[in-house]
Each structure stands twice: as C-alpha cells, then as structure tokens.
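A look at the structure
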Amino acid sequence: MRKRFGAVQAVDGVDLELHPGEIHALVGENGAGKSTLAAIAYGAVRADEGSVDANGVVGLVHQHFKLIDRLRVWENVLLNREPKRGWTIDVAAARERVRTLASTYGLAVDPDAVVETLPVGIKQRVELLRELDREPSVLLLDEPTAALAPSEIASFFTTIGDLAKRGTAILVVTHKLAEVIAYSQRVTVMRAGRVIASHLTSETSADAIAREMVGGEVPALAARAATTVAPLLEVRALSARSATSALANATFDVRAGEIVGVAGIEGNGQTALADALAGVVPFTGELIYEGAPLHAGDTPASRLARGIRVIPQDRRHEALVLDWNVRDNVVLGRQQSLAIARYGDAAREVIERFDVRPADPNAVVAQLSGGNQQKIVVGRTLTSAPKLVVAYQPTRGIDIGAAALVQSRLIEARNAGAGVLLISFELDEIFACADRVLVIANGTFVGSFDRASIDRGRIGALMAGHA
Amino acid sequence: MNATLAAVLAILGLTLVKATPLIYAALGGVLSERAGVVNIGLEGILIAGAFTSVVVSGATGSPLLGALAGVLAGMLLAAILAYAATRLGVDQIVAGTGLNIAALAGAAFGLVLVYHQPGASHEVPAFGHTGEVVFIVLAFVVAAALQFVLTRTPWGLRVRACGEDPGAAESAGIDALKTRFRAVVIGGAIASLGGVYLSLAELDLYSDGMTAGRGFIALAAVIFGRWTPLGATGAALFFGFFAALQYSLQRAGVPSQLMQALPYLAALVALAGFAGRVRAPAADGIPYVRQ
Amino acid sequence: MIAALRKGALRDVVVVIVVVFGVGSIAMLLAHVSPLDGFGALFDGAFGTPEEVAETLVQATNLLFPALGIAIAFRAGLFNIGAEGQLILGGFAAGWLGAQFPLPPYLAVPMVLLAGALAGGAWGAIPGFLRARFGANEVIATLMLNVIAVLLTTYLVTGPLQQGGGGAAETAALPKAAQIPDLIALAADPHFTLAYLLTPFVVAIVLAFVLWRVLARTVFGYELRAAGEAPEAARRAGIDLGRTAFVAMALSGAIAGLGGATIVSGGLHRFNTGLSPGYGFIAIAVALVGNLDPRWIIVASIAFGMLQSGGIAMQAEAGVPREVVTLVTGLVIIALAGRRVVANRRST
C-alpha cells in the first residue's frame, strides 16, 4: 500500500508511505506539522498541493477526542452509521454491534454509558472503536498515549500490534521516543513541515531521533542552585472539584526555594488542585500560606494580591485575550496594581527576558506561535515577583526551544526564592526540574519522592493506581 | 352547569388558545437550538406567518392557501437567519434581532402597500372556530412528533450531535452546517404556524404588533422546557395560563396593563429561578467555522 | 482581529450601501415610486433647510445615546437588547419629575437628566443583577423588560400619573426651566450662541468621547473589555465577572435613560407613549455600524439620523411609507452581525 503526500505551508513537500502490517511512527516537536499531516491523510483537511492515495478506509483517532460528551457510547461509536428499523434507530442492534466490536478488539466498554462520565482511558477506547467500526485499512493515531498510564500503554500497543498483524497500516504520531523505539518498525522525523529523515527503527536510537527533531543539541536547562528552603504553603486534607476533575484529601507542603513536581496522568485531579489554589473553585480542608489561612471563598484577585500566581493549562482560553496585543496581555493580572504609564516597560521586560518573537509590544497575540504565547504567560507571571507559582502544564504544545527556556526560567525563579508547584503530564519535565516529586492518581496523592530517590518504575506504577 | 366549573373550564380553554402560538414558536425554537442555533428571530417569523397568510387568504379567498404562504414566509425568514448563522458564521443573537426589526417594519410596510392603510389589514377569509380547534390539536401532535424525531430517529441524533459538538459531528461524516441550516428552516416552518394561528384562526386579520413579543416568551419556554419539545410545550401552557388569567382578573378591576404584563413578569421570575440549573446544548449559539 | 476588522470594514461598508440602496429601491418600486424620487426626497428631507439639518441632528442624538449604552454592554460581552425600555423609562422619569417639582434652571435640568439616567440605570441593573447573581440570560431578560417598561409607563400616564391637559395620556408640560436648548428651535434663527453647546447633540458627543477614553485608557475599561473578550482569562486575572456584568448593564441602561431624558427635556417637553419610534432597536444597528467604538458611533448615528428624518420627508413628499427605513435598518443589522461574534461565554 502506498501513500503520497505533498503539500505546502504547515506541511512542506512531504512524501510518506505506509505499509500494511507495519507500525510507523511519525515524530517531531510541537509545530513540526505532524498533526496537520495526519489530518490531511484522514481527509479532514485538504492539502494545497499533492495527493493522498489510500487503498481503503482511513481512520483517525484524535489527540483531543472528537466525542460528544452528552451522548452515549453507542451513539458516539455509530454516529451517522446507525442501524435502522424503519424510520427509527434500532437501539438494541446498536448496542449489540458495540459489544461485538468491543470483544473483537479487546476494548471493553459499556454501550449505554454517557461519555462525559467516563474516565479518559475509556473515552479513548470509544474513539478507537468508532474508527475500527469503519474497518479501516489505514489507522492514524495522534498522540494516543497522552492520557494513558504506563501499564495501559503496554496493553494499548498490544492491541495496535494485533491490528497491524491483521493487515492494517498504522501511523502513530507521537513525541514519546521511548515508545517509538519499543513499538514501531519504522520512524519518520519531521521538522518545520519537512521530512528530515526516515529510518527503520532498528537502525536508529532515541538520541539520534531527538537530534534530528531539534536540528542540533537539545538546549540545556538552567542550573539548580543551592537554596535555603522556608515554609510557604501547607496543604492539609484539601478536597475540591472543578468541572469533571476531583481532588480528595490532599496533604503536602511547598516550600520557598524549591520546585515540587506533581506527576500524574491527565484527568486525575490536577485541574481541581490548580483551580482551588487559584481561587477559582471553593475547597474544603486547609490551605495555610505564609502562616495564614486561605479561605474557600477567596476571589482570584485576593490570591493574586498575596503573591500566588497560577499558570493555567489552557493559555488560549484561560490566560490570554487573543485579540489584544502583547502589551495588554502582559498587563493582564496586574491591571489593578500597575500604573498605565508603566505598561510599556512591563511589556518590554517580558519580551526581552523571555525572547518573545516578534519583539513588538503591539503585535496581536493571536498571530504569535504557541511557544511565544506561552512565553508571554510565563513571563508576565515570573516578572511580577511571585512568591508561589503553580505551573500547570507550562510547556504544553510548544516547541523544544521554548519549552527549555520556560523550564529554565522556572528553575531561576526557584533559585531566587519562589516556591514552585509544577503540575505536568510529562514525566521527563518533572524529573528535569523538580526537587521533590509527588504522585497523584484518582484524585489523591499516593507517593512522595526526593530527587535523589526517584524511581521511574515505582512512580509509573503509582500513577496507574497500583500501590 | 355549576358556575365555578364553567369558569374553570373557560380559563382552561383560554389557556389552550393563548398557549397554542407559543407552543408552535417554542417548538421551532427547540429544534433550532438543539441543532446549535439560537433563534431570536422567532418573533419575526411569527409576524411573517401572520401577515403573509392574511394577504394570501385575502387575495385567493382560501385560508388554506394563506396558511401555506405563511409557512413559506416563515421558512424564508428562517433561511435568512440560517444562512447568516451557518455560512457566514455571524452572531446569532444580533442577526435574530435584526430579523425581528426588519420583519415588523416589513409587515407594516406591507400593510400600507396592500391595504392602503397603516395599522391593520381588512378582514379576510379565516379558519373559524373548527379551524382554531384543529390548530390547537395539531400543536400537540407536532410536539409529540418532534419529541419522537429528536430522540428516536437517525436525523434527530445527528441534529443533537451538531448542537453539542459540531466538530465531533463532522469528524463522523455529518455536514454540521447543512444539518443546522435544515433544522432552523424546519423550525421556522413550525413556528410560523403560530403566526398563522394568530391571524387566521384566532382572528381574521393582521394588525400591527399583534404578535406582542410572543416570540420572546417562546424563547423563555424553550429554556424552561429544558430544550425538549414536551418540556417546551408544558412551559408554553404555563405562560398561556398567565395570559388567560388576564381576562378574568381584568373583570376584577386590576389594571389591564398589569395583566398584560403577567406572562412577561412570569418569564422574568422563572428565568431567575431556573438559570444555572439547566444546561443548553453545549454548542448552542456558538457559530461553527470549518477549519 | 483589528487587522481583520480593517479589511472587513471596507467590505462591510459596501454591504451596507448595497443593502440600503438595493433593498430600499426594491421597496420604493413596490410602492410605485421611482428610487430616484424616493432617495431624492430622503436626502433632501434630511439636509434641505437649516430646520431639516437640525431635525437630522436631533434624530442622530436620539440614536446616539442608546447606541453608546448598547456599545458599552456589548463590549462587556452582554447583549443589552433592552435599550428601548431603558430609554422609555428614563424619559418617563424625566417628564414626570420635571413637571412635578419645579426648580430653578440650574437645578431643574440636572435633576431631570439625572432622573432619566437613574431610571434607565435601574432598568438596566435588573438584568445585570439577574446575570451576575443567577447567571440568567440577559437577552431574554432585557426583551421582557422592554415590554414591561412600555406597559408600565402606559399604565402610569393613562392612569394615576396622568397629567396631560384634556385627559391626554401624558405627563404635564415641562417647565421652561427644565428644558434644555432645542436645535430645531435654534435653527429657525441660526446665529451661533452658547445655547448650541448645551443641546443634547453636543452633550452626546462629549459623552461619546468620555466613554471612548474610559474604555481605552482606564482600568475599569480594561477590565470591562477583558470580561467581554476573554471571560475565563479575565476571571483568573482577578476580574470580578459578576460585578462587571452588573455595572456594565447599569451603566448601559443609564446612558439609554439619559437619552430618553434628553428627548423629553430637549424637544418633546413631556412624556407620552409616542416618545420613541423604536430608537432603542435602531440604536443596535448604529452601534454595530460604528463597530462598538464610541467615536465611530457618532458618525453612524448621523447616518441613521439622516435616514430617520429623511424618511419622514420621504413619506410626506414621495409617498414611500416610512417603514422602509426601519426595514432596511433591520437588514443592516443582519448584515453586520458578524461584527459581534460572541466569545465562548455561557449563560442559561
């Protein structure tokens, strides 16, 4: 089976072939064009130039599920292909078809469950089943393991391997090089919309791939200086809810001059934790900050006033006003305390220290790349002399260079005496930055490790909910 | 017959009469919003239905042809809104407001053109009392039918999908823009029946301002009915009851304007009570723009 | 978006011109009037004589106040469709209080204007409160309150507070002391005097510039715009969305109410049920055409004021029903609805 792509802009003259029975990994850093390529292959996006030839149906499992929360599993799986009886939907037949599908592929689901009640891992199964029902000869998977526990990853790739053995051609778009090495037969590296290299996986290594992805060496992080730690935040039996995220009975400390990493899989209570600290949702339990309690009824403004800064995980909706320029976005959060005459200085400070490009305070933020947008958010937080920084997925969806800069600045803030709570779904990021690592699973904290005693295997098991 | 029983029956009967145009309009609103398009223009569609049906009935002598014309007019207005909302991706609330303003002025303009007098049309052949009853019964039939279609048919599932997450619907191969367009236009057809009822079933003419904001009360009924056809019908009956009360209370000496304000006040109070406790379709009112 | 707006601005101007002249011509032909005659009467009626120019500016003023109010609310992310009711209530308060409590001029005029602003502000505060406290949909609330405002004021001037001579449904005539200079009266003898500067038109223009400055250069304006354009980001930046919604709606209503007061004080000199031929709705078009920017809204209000005053002449002289103007205005609103695409904000 051959496929050819060739397109400009996000994807710049790319040729790619997928063979049946083969797991082909497509790697590149954020912004390299991998997801666009997958979307073109699926047919959701039309290429400007070039063609897609597929010998059968193409299925795509998206990184952010295209599931309809308020509908049931069977409604999502069979949407637009519902079994009919006269004018109505044959609900019994639909349920049966989902059950059969689930057992064929070993992906157990309850056909009647409403999708928004399901945990993330099960939701992915539903999305997968939806594509498998169409009997694709080519299956594209975009960042499929982002929301899976380390143990679930192994069984996921077993399923995928079985599919490959049945003759499906599989493309896995990912940035997780360990999985690429372990599970794929071929790997193609993209950078800035172009294909840089393509190898048999057996003929290359994770380091080589990483160098090809970045086009050089991965930038080093700032050094972690010795600090004196002092009490800053004491969390006692904290429970909170935010939308679908729930936290129960969290107890831990964050001290000034240290980075505490919260390792966990997406969807295990991290959002509730971040929102409770931001003052966006109420909580029960105790939060003691600088010796005085924080109240559940506090507004975000009062938290900001006390030097608590939260970098939210969704910069586009929770941190930036996309239609405004850089300067007005830098001011956001400080508009009450900063004099209008000083707005320009604040903007210039962030642009310079965080290498925001283009270096123009009047540039409209919507036009900036994700990496530069994130630098604005992190920059305005760290230049406002914060005492406690809650960084929630601070390098989400940005290129490696920008990510390294953000991580370095967080370390520098720690060196200067701030306390940092780093909530991230990327274990590598936590291991690179944190002084102590806490593990969260199912809304509770299940483990604590000093930097010296980090045990990847143990942490992975705890993240999956195994004691 | 005992006098209180007669009075109660009278109020119940009046409730049905007052609620019927609200039911039609609310059903049209439900279908539209379940697909994801807020139809603020229901008032304009009622006006279009009421006015056009009178003009055509007067010209042809047939209230049935008038009704048909009224439905077509309502569909045309709905199509304008649907086009603006789906193909142009504009703000649905603002577009609906413009539609209402244009429709009211258009009808007033039409009155002068056709009848050479402002304010009201001449009397035209109408449906009379039997016709009124048919319309009332039909309203409930349509409500039941719409409930069935939305919950049990493939098209209904696709409409609901588009109202919750048009992006996800499109990834399943559904044309969200076309589905939304169709839902709004069919909703407009249903709603316009409310206008036809006002001018040709309850009365036999069109007068300026006869719809009196019923299209807006219907919107409130959609919310209180939790965006379901049966629920909206119930809410419409509730508001219709308040309108019916107006006549009895007026005889008791309460000022007429206060009575006329009752349904609107009821809607306002219920809005405060219900808000935040009901969830609209997730993508309701949010334009879907294809990447 | 600013760049996109500038590009879109030219296209929008073309669209508006096509709608106005295209649909207008069709309507005129339907009325058996040649578009040349119809539009000729319209423009001549708007600018022919000094009195007609004054009438145009008065109509512009009557639109400018509610349009500014609407723009403030829209910028805060709130759909204030209730400017009509707020304006009517403001006019009523001004008319009744002004007639009820005669005062010397330097007290009477401020009282009358303040009464209008407070009444309109209260009427806008109701949906603002419902939105802030209950998350209730302000679209439906303001629509309901429009109808209630008309019913309430009708009841009052036909009943308990009726003061008009001969049983007319209106308040008593406003004492001279409470009247502000009327452009049309001044136009009869056009020599420039200080009175020109006190006319509602000038007051409205000053207000527009004040509002522009507040929106662009104050913390209050910054927070209001943030709440309108990115509510979730605004919330996390410490902005109180509930309070912003309430204040924005109250301010919006107050400006519209002030407009009603200037109609009463500046020309009508009483309140009656014919106070507004739908200014509060036409003002939505004015606000959109002005791109929600107070400075451009001044220009838009003059354009629509021209349509309003010219429309009266068009009916009288060319026989084209005035409703054509409103019809065209509604279509303009649909055409320009793209200028107010709401951010991802939810309320019931």
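**What about the overall build of chain B?**
- A count of helical and extended segments in chain B gives 11 helices and zero strands.
- On C-alpha atoms alone, chain B measures out to a radius of gyration of 19 Å, which is about the 19 Å that the 2.2 N^0.38 rule sets for 291 residues.
- With respect to the three principal axes, the spread of C-alpha positions in chain B is 60 × 45 × 30 Å.
- In chain B, of all internal contacts separated by at least 6 residues, the share reaching a separation of at least 24 is 78%.

**Looking at the overall build of chain C**
- Looking only at helices and strands, one finds 14 helices and zero strands in chain C.
- Mapped from its N terminus to its C terminus, chain C presents α and β elements in the order α-α-α-α-α-α-α-α-α-α-α-α-α-α.
- Relative to the compact-globule value of 20 Å for 348 residues, chain C shows a C-alpha radius of gyration of 20 Å, a close match.
- If one aligns the C-alpha atoms of chain C with their principal axes, the spans along those axes are about 55 × 50 × 40 Å.
- Within the span of chain C, comprising 348 residues, buried residues form 60% of the whole.
- Taking as baseline every contact in chain C between residues at least 6 positions apart, the subset at least 24 positions apart corresponds to 80%.

**Describing the sheet that holds strand β9 (residues 230–242) of chain A**
Residues and elements named next belong to chain A.
- Overall, antiparallel pairing links the four strands, which are arranged β10-β9-β12-β13 in an open sheet. Each edge of the sheet is formed by a strand with only one pairing partner; in this case those strands are β10 (245–256) and β13 (292–294). Recorded for the sheet is a direction-independent mean angle of 20° between the axes of neighbouring strands.
- Bridge analysis of β9 against β10 gives nine bridges, and the strand direction is antiparallel. Counted as the bridge partner of R241 is A246 from β10.

**Remarks on the sheet that holds strand β2 (residues 58–61) of chain A**
All names here are of chain A.
- Spatially, the six strands line up as an open sheet ordered β2-β5-β6-β1-β7-β8, and their pairing is mixed. Unpaired on one side and paired on the other, β2 and β8 (194–200) mark the two borders of the sheet. In this sheet, adjacent strand axes meet at a mean angle of 20° when their direction is disregarded.
- Those strands touched by helix α7 (residues 206–214) are β1 (23–27), β7 (186–191) and β8, and its axis lies near 25° from that of β7.

**Some remarks on the packing of helix α3 (residues 63–86) of chain B against helix α8 (residues 176–201) of chain B**
Residues and elements named next belong to chain B.
- For the pair α3 and α8, interaxial distance at closest approach is 7 Å and the crossing angle is 145°. The two elements α3 and α8 meet at a crossing, and its hand is right-handed.
- Of the residues contributing to the contact of α3 with α8, the split by class is 19 nonpolar, eight polar and one charged.

**So, helix α1 (residues 34–42) of chain A**
Residue and element names in this part refer to chain A.
- Here α1 lies mainly inside the structure; nine of its nine residues are buried.
- Among the residues of α1, those classed as buried are K34, S35, T36, L37, A38, A39, I40, A41 and Y42.
- A positive backbone phi angle near 105° is found at G43, which sits one or two residues after α1.

**Looking at the packing of helix α1 (residues 3–34) of chain B against helix α10 (residues 229–251) of chain B**
Residue and element names in this part refer to chain B.
- Between α1 and α10, the shortest axis-to-axis distance is 6 Å and the interhelical angle comes to 140°. Taken together, the axes of α1 and α10 are oblique relative to one another. Classified by chirality, the crossing of α10 by α1 is right-handed.
- Class assignment of the residues belonging to the contact of α1 with α10 gives a composition of 18 nonpolar, four polar and one charged.

**Re unusual backbone geometry**
- Omega for the bond connecting R357 of chain A with P358 of chain A falls within 30 degrees of zero, at 0°, which places this linkage in the cis form.
- By secondary structure assignment, the location of P358 of chain A is in the loop between α12 (343–353) and α13 (370–382).
- A positive phi angle, close to 60°, is found at H32 of chain C, a residue other than glycine.
- For H32 of chain C, the location among the structural elements is in the loop between α1 (2–30) and α2 (35–47).

**Quick word on the interface of chain B and chain C**
- The interface is formed by 43 residues belonging to chain B together with 42 residues belonging to chain C.
- For the side of chain B that touches chain C, the element with the most residues is helix α4 (residues 92–115) of chain B, which contributes 14 residues.
- Classifying every residue of the side of chain B that touches chain C by side-chain character gives 35 nonpolar, seven polar and one charged.

**Here we look at the pairing of strand β16 (residues 419–424) of chain A**
Residue and element names in this part refer to chain A.
- Within β16, six of the six residues are buried, which leaves it mostly tucked inside the rest of the structure.
- Alternating residues of β16 divide into G419, L421 and I423 and V420, L422 and S424, and every residue in both groups is buried.
- Relative to β16, strand β11 (residues 259–263) runs parallel, the two being bridged by five bridges. Considered in β16, the bridge of A263 is made with S424.
- Note: strand β15 (residues 388–392) against β16, five bridges, orientation parallel.

**Details of the pairing of strand β14 (residues 308–311) of chain A**
All names here are of chain A.
- Of the two faces of β14, the one lined by I308 and V310 and the one lined by R309 and I311 are each fully buried.
- Direction of pairing for β14 relative to β15: parallel, over a ladder of four bridges. Across the sheet, residue R309 finds its bridge partner in β15, namely V389.

**Some remarks on the environment of V98 of chain A**
All names here are of chain A.
- By the element assignment, V98 lies in helix α3 (residues 91–105).
- When the 25 C-beta atoms within 10 Å are taken as the criterion, V98 is described as buried.
- A C-alpha to C-alpha distance of 9.8 Å links V98 and D112, two positions 14 residues apart in sequence.
- Apart from the residues within four sequence positions on either side, V98 is in contact with V73, W74, V77, V109, P111 and L129.

**Comments concerning the confidence of the model for chain C**
Residue and element names in this part refer to chain C.
- In this model, chain C carries an average pLDDT of 87, and 92% of its residues clear a pLDDT of 70 or more.
- Low pLDDT (under 50) marks residues 1–6, which in the prediction has four contacts with non-local residues, meaning those over four places away or in another chain.
- Model confidence for the complex: the whole-complex pTM is 0.88, and ipTM, which rates the interface, is 0.88.

**Some details on helix α12 (residues 279–289) of chain C**
- When you tally the buried positions in α12 of chain C, you get 11 out of 11 residues, the bulk of the element.
- Phi turns positive one or two residues past the end of α12 of chain C, at N291 of chain C, with a value near 55°.

**Things to note about the environment of G29 of chain B**
All names here are of chain B.
- By the element assignment, G29 lies in helix α1.
- The exposure class of G29 is buried, given the 31 C-beta atoms found within 10 Å.
- Spatially, the C-alpha atoms of G29 and A218 are 7.5 Å apart, while their sequence positions differ by 189 residues.
- Residue contacts for G29: discarding those within four places in its chain leaves N39, L42, G187, A191, A218, L219 and V222.

Rules used in this analysis
- Residues numbered from 1 in each chain as written.
- Chains lettered and ligands numbered in written order.
- Predicted model: local features only at pLDDT ≥ 70, side-chain atom pairs only at ≥ 80, totals over all residues.
- Helix = DSSP H or I, 4+ residues; strand = E, 2+ residues; numbered from the N terminus.
- Rg over C-alpha atoms; globule rule 2.2 N^0.38 Å.
- Contact = placed C-beta atoms within 7 Å.
- Buried ≥ 20, exposed ≤ 12 C-beta atoms within 10 Å, placed from the backbone.
- Pairing = 2+ DSSP bridges.
- Axes fitted to C-alpha atoms, helices over the stretch in contact; angles between N-to-C directions.
- Left-handed = near helix turned anticlockwise from the far one by under 90°.
- Nonpolar A, V, L, I, M, F, W, Y, C, P; charged D, E, K, R; others polar.
- Parallel < 35°, antiparallel > 145°, perpendicular 65-115°, else oblique.
- pLDDT = per-residue confidence, 0-100.

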